[in-house]
There are 2 protein chains.
Amino acid sequence: MEAAFKAINDVTRREILQFLIQGPQNAGQIAKQFDMTKPSISHHLDLLKQAQLIDAVKKGQFIHYSLNKKGFESIHQWFQGFAQHFEFPKPKIRL
Amino acid sequence: MEAAFKAINDVTRREILQFLIQGPQNAGQIAKQFDMTKPSISHHLDLLKQAQLIDAVKKGQFIHYSLNKKGFESIHQWFQGFAQHFEFPKPKIRL
DNA sequence: ATATTAATTAGATATTCGCCTAATTATTTA
DNA sequence: TAAATAATTAGGCGAATATCTAATTAATAT
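Residues numbered from 1 in each chain as written. Chains lettered and ligands numbered in written order. Predicted model: local features only at pLDDT ≥ 70, side-chain atom pairs only at ≥ 80, totals over all residues. Heavy atoms only, no water.

A. How the structure looks around helix α5 (residues 69-83) of chain A. Under the 1.5 Å per step criterion, the end-to-end length of α5(A) is 20 Å for 15 residues, consistent within 8% with the ideal 21 Å. Residues A:Gly71, A:Phe72, A:Ser74, A:Ile75, A:His76, A:Trp78, A:Phe79, A:Phe82 and A:Ala83 constitute the buried set of α5(A). Among the structural elements, α1 (2-8), α2 (11-20) and β3 (62-67) of chain A together with α2 (11-20), β3 (62-67) and α5 (69-83) of chain B are those in contact with the buried residues of α5(A). Measuring from the side-chain oxygen of the N-cap residue of α5(A) to the backbone nitrogen of A:Lys70 gives 3.0 Å; that N-cap residue is A:Asn68. (Helix = DSSP H or I, 4+ residues; strand = E, 2+ residues; numbered from the N terminus. Expected span 1.5 Å × (residues − 1). Buried < 20%, exposed > 50% of the residue type's maximum accessible area, 1.4 Å probe, protein only. Contact = heavy atoms within 4.5 Å. Polar contact = N/O pair within 3.5 Å; in protein donor to acceptor, adjacent residues only side chain to side chain.)

As structure tokens, then:
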């Protein structure tokens, strides 16, 4: 849980997560989205992986990254502890 | 939103939020819960306030702190963007 | 086999963070 | 008004963080 909070406390990492909503992407494709060197992105991916917010699977010389439910669950769980004390706007139903 | 993510990326601050679930407390009462100097707690309270995760109202020489829905909402909103891509366990109904 | 491409690891550096002690502000009480 | 109490602000310091360049590893293609 510690790791998840740490991971989302950075704009770039949050943007990487946003980007991955579109679906799995390899490290190069991710790096291209940002005005930042590949090593830096690589480091961010590592932290996101440690937090289990993303998964990494190697396919040849590429590594495909995708969102991992697990990390989000740990944040969600923490949040639930407070949600009971507030009323949050329910997401609109999509017809 | 930036401020909220930053604020919850610290154990002490998360514990302060937990403590405030019990209801409003003044700075001294909060500080007593932690093995840390008052100035340090004061600083944590400041960050939580900046993130609108807590409110502060002065009552005489005391300052009463309480949870503020606003900051939690900003986190919730961010989270919702991902919740639609995963299925999260619904909290058990309390009878 | 060699060169190319994808990605990470290593090492350096500037900035931010969390904590402390000391000093300050503001309020209440004697 | 002076002393005591509640809390913050100021300043300093070591640890953690984000970024970069250079070097390394691993896989593909010529």
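Once the structure has been displayed, the description carries forward.
B. Structural detail: the interface of chain A and chain B. Facing 29 residues of chain A, the contacting portion of chain B comprises 29 residues. Approximately 2,900 Å² of surface area, both sides summed, lies buried where chain A meets chain B, with 72% of it carried by carbon and sulfur atoms. Contact with chain B buries area across many residues of chain A, yet A:Arg14, A:Trp78 and A:Phe82 alone supply 19% of it, more than any other trio. The tally of links from chain A across to chain B stands at two salt bridges. Those elements that provide at least two residues to the side of chain A that touches chain B are α1, α2 and α5 of chain A. Element by element, the count of residues in the side of chain A that touches chain B is highest for α5(A), at ten residues. Here the residues of the side of chain A that touches chain B are counted per class, giving 16 nonpolar, seven polar and six charged. (Buried area = accessible area lost by both parts, 1.4 Å probe. Salt bridge = Lys/Arg side-chain N within 4 Å of Asp/Glu carboxyl O. Nonpolar A, V, L, I, M, F, W, Y, C, P; charged D, E, K, R; others polar.)

C. View of the sheet that holds β3(B). Residue and element names in this part refer to chain B. Ordered in space as β1-β3-β2, the three strands form an open sheet in which the pairing is antiparallel. Each edge of the open sheet is held by one strand with a lone partner, namely β1 (25-26) and β2 (54-59). Sheet topology note: the β2/β3 ladder contains six bridges and is antiparallel. Each residue of the ladder has a partner; that of Lys58, found in β3, is Ile63. (Pairing = 2+ DSSP bridges.)

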